[in-house]
Structure formats: structure tokens, C-alpha cells
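One-letter residues, chain by chain:
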Amino acid sequence: MKRLFATLVVACTIYSLYARETCYSELKGDTLVIGNECIERKFIWNDGNLITYSLSDKVNRKITFTVKQAPDFFISRDIRKASNGAYRVEKVAATDIHPAYLKTIVTFSLGALDIQRIYRVYDSCPAIACDTYLRGTVNSVFGGREENAADRKNIEFVEDMKSKSVTAILDQLYLKGQHWHAKAVEFWDVTDWNNNLLAERDIIAYRKNNYRGNLLFVRNGEDGNGFFFLKESPCSSVQLAYKDVDFMAEFGKFMVAGLGITEKDIQKEEWTKTYSCVTGVYGEGELQALTALRNYQKNIRRHLRDRDEMIMMNTWGDRSQDTKVNEAFCLQELERAAKLGITHFQIDDGWQVGKSPNSAVAKGSFNNIWDNKDYWKPDPVKYPHGLAPIVKKGKKLGVEIGLWFNPSVQNDFADWEKDAETLIGLYREYGIRIFKIDGLTIPTKKAEINLRNLFDKVLAQTDNKVMFNLDATASRRGGYHMFNEYGNIFLENRYTDWQNYYPYWTLRNLWMLSKYVPAEKLQIEFLNKWRNIKKYGDDPFAPGRYSFEYLFATTMAGQPLAWFEASNLPEEALGIKNLIEKYKAVQYDFHQGTILPIGDEPSGRSWTGFQSICQPKNGYLLIYRENNDREETWIETWLPEGAEVVCTPVLGNGKRMTTTVDRKGAIKVSLPESNDFMMYRYEIR
């Protein structure tokens, strides 16, 4: 019952995002306090160069005090005394992008360098974010490379144990105790080359060591309570100015390292943003840690039914590239898409006058795009009437049109304003709201700034109506924890032509990411299983061995992406519409919850799935029986031990059942056939 109570308390906070205002910020004397009803962080003012005094988990009634008074932000040993400290508070109103929040702006100077730290806190959210900006000059090189532990002197004297860090620090907590357990989670995108997208490393904090990743969960072994650091940056392997470290741990001292800039990126008159850092608190048990993180992530971007939910079809998955796209083809595809139940049809590369490097009809280039002022106009040969007939037909059929777009990458997106005007123009002329953003390369801080300017201008000029599908397949991009306010993530390219599409691979990537990344923010592909059957031979996990309904079901925890040409499907494929229509009826409600992986890791032979925790006592279970001979099994969930649960079938082939939850949240489930699935709506009595 203790676990159940804690679970319910934390789950309640997820669904109170629009409750009464509870955030506060107050500077009184030498003490600054920022918080809400879930979390409070208390600082010593230190003329603006804040020093954390305590971190409170108000839900679990736990206050953790720091044991060493060192500024949270560190950039150089050469600068010690802060000056010109200033403080102000702003209420930020809710928009279609984010809920209302409280912003605390703290500015101070370290010599000739100005620092601005903006703390964001949302109602009923157990986390406080911090965005850091720098301006002015810094004389010393900061963020130097950490020495390898193997090159350090062996420890024989107390003096040998002292750390000699020169790494710039975004945030840090220095806490009492010797029994701190941590988990660092590192992520990889560039999914054209990577099919293993995260790795977890468990740690017992000891002498100073470095760790990579965007997430660090830290738990006190004495009482089970903990906190997390989220570094809002690209994946470690593609960060800017990277020194092979994101977190440092030394007994009870935990630090977030790496600003994402060098001293050369700092401007004298303009603020330059570093990577951001989020600190959250949670109580005993992994579920509290994950729901605390997800609570914050759901505040970054509001998830709206009419904007963010989609079952999109993009024809690029059948490898015709730009050889087929034209008015007649698109009109035909729309007819077939409607018969499938598709909600969005996105025209990929080839709709425009300009030819990209991926063109199959001409040798194109992304260099100097704006030398051709007509580059981003609809190709008059392919689309003699522009895109208007396509959009009109889509509206008639209930299918929204989206487009592919590749910003001008040369010179750090120097032409970002022209790119923005193009997207704004397409929205105003055709009402197109959804753009797949491809071909990004972010090699410098200037490129990152200009790209953000592009997105911000488009949103500002379209009243936040436009959203972006941010491609994560190649090059240096935003990863899973940056640019999240702008839309969702196009996760991966997979093709039957090259035999790199396997349903359990796709399901595994979604399953693994869903623990730390909102699944509803990921576009997940399913392909035409009838293409290239011979290329797979007798492979037991070939797409052709699964039902088309099952392939669709593997994407349901995310945003389903029909990665094929509908005109290439056989008539029997149209039978999937029944499932898709039923899914659309629950899609938004399912995605409103905290979606977490359950069961075993997908392997092609597992029992696996997802749980969406929607309210303290109800939610959804999406369960897959892969190719195994167990008609019945126990599957571990996030349900509380001992609870009586009623499961009502929603999709697939499950039967209504009432069950009592066993150890580790396990429930007994059954499916008579392999490579099948079921979705339940559950209720805890």
C-alpha cells in the first residue's frame, strides 16, 4: 500500500498542469527561494552567483541540505568574486506551445563576463529548469579537457585525493552522505547509422569520475529519495564544444558539465545561450523518478489533439524518391490514404523546383539554394496548378497536407530569414502547418542560434499553428532533449529494399526510448510488408511474416508513420482501416498519459509492451506477444502490487479480465496466437 500511495501521489501531479497557480519566487535578505507545491530550491544570494542551500521534495516531505558552499555555476578559476547581482520575476502566460510558468531572472557579473540565469518553474511540476546566457568577455579558456583517471597519481595521501577540475559547470549539488547511487543515460540519434539508441550506466558515487549522457538519476541509498539532472542538449556524441563529459560525480557531489560553447562564442553585446539544465526531485521507487521527469517533459510542449496527433503517410519509404511525385500521383495517393484512415499526407523531397542531392531525376545540391529564388516554389511541371488542388482534395477527404523542407545549411544557416519566409508563405497560401525538417547540420553555436531563430520566427508569424517533424536520422542535430518545443521527432529511415526494416527493431527502439523520452513525440514507421519479400528469404522476422495490423500496432505508442506509397498496397491492406479508426478514437487519451515500457525488451520472441498511466487509477496497457510458444505469461507492469485491476479490451484480441497484481507489478496475460497484440483500458478498483 505504501508503494501504491506514493505512485498515486506522483501520478496526480501529471494531470494538474492547469491547476491554480502555485509557483513562487522570493528574494529576502541573502536568501532566494524558488518553488511550487512539489519542489523548492533555496539559494544563498551571493550577489547573484547563487549557491544552493537546500533542495526540497515537498510531496515526499524530504529536505536535502548542501554541505559545501560553492556557486552552482562555474566557468573559470581565474574569476571568483561576483558583482552587480540583480533579480526579477515574470509570469509567462500560457500559449499553444507551453502552459503558464514563472520565470526568475538572475543576472550577475564575473569580471568582464555577464551571466544571466533564468529559472523556469511550472505549476504542479517537481522540477526546476535553468537556462543560462553569457555576454561580455572572458580572458581565460574555460571548459578544458578533463584528465583521464588512469593518468592520475595513485592515492597515498589526502592531498592526492583533491579534484583538479577545469571543466565549466552548469549546475551542481554537494550533498552529505557516502551512499549515493546514480544512473547515467546516454542517447544516440543519427539513426541511419545507429540502431541502439541509448545505454544506461549504474554508478555508486566514489572518487571523481566523468559520465556521458543527457540524464543523471541520483538516489540516496539511506532513504531511497532522489533527484535528477536533465541536460537539454543534443546527444553527447554530437554536442558542441564537447569535452567527453556531461556529468561528474564525487561521493555526494554531482555536477552537470559542458556549456555547448567556447569562450570564442561569447559576444560583447548579445546574450549567448548555453545548454540548459533541469533539476527534479522524486521519492522512493523508479516510477516516481520517471514520472517526475515526464511531468517536466510534458510541460515543454503542450500536446494538442488537433495539432499534435497524426497518422501520417509519407511515400519516401518505397524508395521512388522524387520520380513519382506530381499532381496526379498525389491526388491518387490521397484517395488511397483516405481508404486506409490516414490523417496526414506529407509530400517529401521533390515537390519543389530546386533539386536536392537526394533527387533521382537530377544531380541536385543544397549549396547556395537562394541563388535560385524559385527553389522552394512548387515545380510547375509536376504541379501546374500549384499545391492548391492537393490541399483542396485533402480537405475533402479529411487528410491534411504536409511538406518536406531542408533549411539552407551553408554559412551556419545565414539565410534563415529567407527560409522562414518560405515556410510562412506556404502556410499563408495553402494552410500547410506541418513541415518535415531534414538535412540539418549544426556544427557551430551560430548555426544553432540561427536555426532557433528560424523556428521562432515561423511560430511567431503563424500564431504557433505550424509544427515541425524534426528528422533525427543523420548529421549533427538536436537529438531527443533539445528543440522539443517545436514539434515531434522523425526517428528513423528503414527500408525493405535494404532489408533493414524489421518490426521488432522498430518496436525495440520505441520501447527503449519511451522510458526517458515521451513516446507520443516520436514518429514511428510501418512499411509495406508485401514489397521485397524475396529479398528477406526465409528470415523468421521478415516483415512479410506479420499481419499488416500488427505492423501498425508496433507504432501506436508513438505517432504512426505510414512509410510507403498507398498505391503500391494490395487491396487486402485496406482492411487495416477498421483498426486505424478504432485507434484514432483512443489515440489522444492514450498519449495524454505517461507512457512507459513494460514486459521484456522486444527481441522478436518476447512478451513486451507499453503502459500509459493516465490517472491514479486508470490508464492503458498495450501488450505484444512476439514469435514465441507461450500463449500465457506473466508480464511486469507499473501497476501497484496487490491491486485488483479490471482490464477492458479496446484494440486487438484480448479478452476482458479481472486480475490481482503480483510482485513487481506482474499480471498474467494471454494471447492465443504469436505475433499478435492487445490494448486494454485498465481500472484499479
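Here the structure is shown first, and the text comes after it.
What comes next is a walk through the structure. Just so you know, these numbers come straight off a predicted model, no measurement behind them.

1. Here's the deal with the overall build of the protein
In terms of regular secondary structure, the protein is built from 12 helices and 35 strands. Its C-alpha atoms give the protein a radius of gyration of 26 Å, near enough to 26 Å, the size a compact globule of 685 residues would have. Taken along its principal axes, the extent of the C-alpha atoms in the protein is 75 × 65 × 50 Å. Burial statistics for the protein: of 685 residues in total, 61% are counted as buried. Put simply, 72% of the contacts in the protein that link residues at least 6 apart link residues at least 24 apart. Total accessible area computed for the protein in this model is approximately 27,000 Å², and 48% of it derives from carbon and sulfur atoms. For the protein, the separation between the mean place of its 90 positive charges and that of its 89 negative charges on side chains is 2 Å.

2. Here we look at a nonpolar patch on the surface
Together, Tyr 53, Ile 63 and Phe 65 make up an exposed nonpolar region whose accessible area comes to about 300 Å². Along the polypeptide, Tyr 53 turns up in strand β4 (residues 51-57). Residue classification places Tyr 53 among the partly exposed residues on the basis of a relative accessible area of 37%.

3. Structural notes on the packing of helix α4 (residues 327-340) against helix α5 (residues 388-397)
Orientation of α4 relative to α5, taken along the N-to-C sense of each, is 10°, at an axis distance of 10 Å. When the axes of α4 and α5 are compared, the pair comes out roughly parallel. Counting all contacts with α4, which are made through Glu 327, Cys 330, Leu 331, Leu 334, Glu 335 and Ala 338, the residues of α5 involved are Pro 389, Ile 390, Lys 393, Gly 394 and Leu 397. Counted by class, the contact of α4 with α5 contains seven nonpolar, one polar and three charged residues.

4. Notes on α4
End to end, α4 covers 20 Å across 14 residues, agreeing with the expected 20 Å (1.5 Å per residue, within 8%). The complete set of buried residues in α4 reads Glu 327, Phe 329, Cys 330, Glu 333, Leu 334, Arg 336, Ala 337, Ala 338 and Leu 340. Here the buried face of α4 lies against β20 (312-314), β21 (344-347), α5, β22 (400-405) and α12 (577-592). Between a side-chain oxygen at the N-terminus of α4 and the backbone nitrogen of Ala 328 the separation is 3.2 Å; the capping residue is Asn 326. Phi turns positive one or two residues past the end of α4, at Gly 341, with a value near 95°.

5. A look at the nonpolar core
Inside soluble globular proteins, nonpolar side chains tend to come together where they are buried. Core analysis: the largest hydrophobic core is formed by 205 residues, its most contacted members being Phe 187, Phe 217, Phe 227, Ile 347 and Phe 468. At seven residues, the largest contribution of residues to this core is made by helix α2 (residues 286-300). Structurally, this core is a two-domain feature, drawing no fewer than three residues from each of domain 1 (24-143 + 165-300) and domain 2 (599-684). Discounting chain neighbours no more than four positions away, the residues touching Phe 187 are Leu 197, Leu 198, Asn 214, Leu 215, Cys 235, Ser 236, Tyr 480, His 481, Leu 513, Tyr 516 and Val 517. Grouped together as the second largest cluster of nonpolar side chains are five residues, Ile 169, Met 248, Met 255 and Ala 257 included.

6. As for the side chain of Lys 382
Following the sequence through the fold, Lys 382 ends up in the loop between β21 and α5. Although buried, Lys 382 forms no salt bridge, and the nearest oppositely charged side chain, Asp 322, lies 4.6 Å from it. Separated by 3.0 Å, the side chain of Lys 382 and the backbone oxygen of Asp 322 make a polar contact. Contact partners of Lys 382, with chain neighbours within four places excluded, come to Asp 322, Val 325, Asn 326, Glu 327 and Gly 350.

7. Things to note about the pattern of salt bridges
Across all of its chains, the model carries 39 salt bridges by this definition. Between Asp 244 and Arg 212 there is a salt bridge whose closest N-O contact spans 2.5 Å. Remark: Arg 212 occurs in the loop between β13 (209-211) and β14 (215-220) and Asp 244 occurs in the loop between β15 (226-232) and β16 (247-250); sequence separation between them is 32 residues. What makes Arg 212 partly exposed here is its relative accessible area of 27%. Between Arg 452 and Glu 485 there is a salt bridge, with the nearest N and O atoms lying 2.9 Å from each other.

8. Thoughts on the packing of helix α7 (residues 416-430) against helix α8 (residues 445-461)
One can describe the packing of α7 onto α8 by two numbers: an axis separation of 9 Å at closest approach and a directional angle of 25°. On the basis of their axis angle, the class for α7 and α8 is roughly parallel. In terms of crossing hand, the pair formed by α7 and α8 is right-handed. Every residue of α8 that contacts α7 at Trp 416, Glu 417, Asp 419, Ala 420, Glu 421, Leu 423, Ile 424 and Arg 428 is listed here: Asn 450, Asn 453, Leu 454, Lys 457, Val 458 and Gln 461. Residue composition of the contact of α7 with α8, grouped by class: six nonpolar, three polar and five charged.

9. Topic: unusual backbone geometry
Despite not being glycine, Asn 411 shows a phi value in the positive range, around 55°. Take Asn 411: it is sitting in helix α6 (residues 410-413). Overall, Asn 411 belongs to the exposed group, its relative accessible area being 64%. Phi at Asn 464 is positive, roughly 65°, even though this residue is not glycine. Looking at the element boundaries, Asn 464 is found in the loop between α8 and β24 (467-471).

Criteria and cut-off values
Residues numbered from 1 in each chain as written. Predicted model: local features only at pLDDT ≥ 70, side-chain atom pairs only at ≥ 80, totals over all residues. Heavy atoms only, no water. Helix = DSSP H or I, 4+ residues; strand = E, 2+ residues; numbered from the N terminus. Rg over C-alpha atoms; globule rule 2.2 N^0.38 Å. Buried < 20%, exposed > 50% of the residue type's maximum accessible area, 1.4 Å probe, protein only. Contact = heavy atoms within 4.5 Å. Areas by Shrake-Rupley, 256 points an atom, 1.4 Å probe, with all protein chains shown as cover. Lys, Arg positive; Asp, Glu negative; His and termini not counted. Charge placed at Lys NZ, Arg CZ, Asp CG, Glu CD. Patch = residues over 30% accessible without salt bridge, like charges linked within 9 Å, V, L, I, M, F, W, Y side chains within 5 Å. Salt bridge = Lys/Arg side-chain N within 4 Å of Asp/Glu carboxyl O. Axes fitted to C-alpha atoms, helices over the stretch in contact; angles between N-to-C directions. Parallel < 35°, antiparallel > 145°, perpendicular 65-115°, else oblique. Nonpolar A, V, L, I, M, F, W, Y, C, P; charged D, E, K, R; others polar. Expected span 1.5 Å × (residues − 1). Polar contact = N/O pair within 3.5 Å; in protein donor to acceptor, adjacent residues only side chain to side chain. Core = buried A, V, L, I, M, F, W, Y, C linked by side-chain atoms within 4.5 Å. Domains from an automatic or database assignment. Left-handed = near helix turned anticlockwise from the far one by under 90°.

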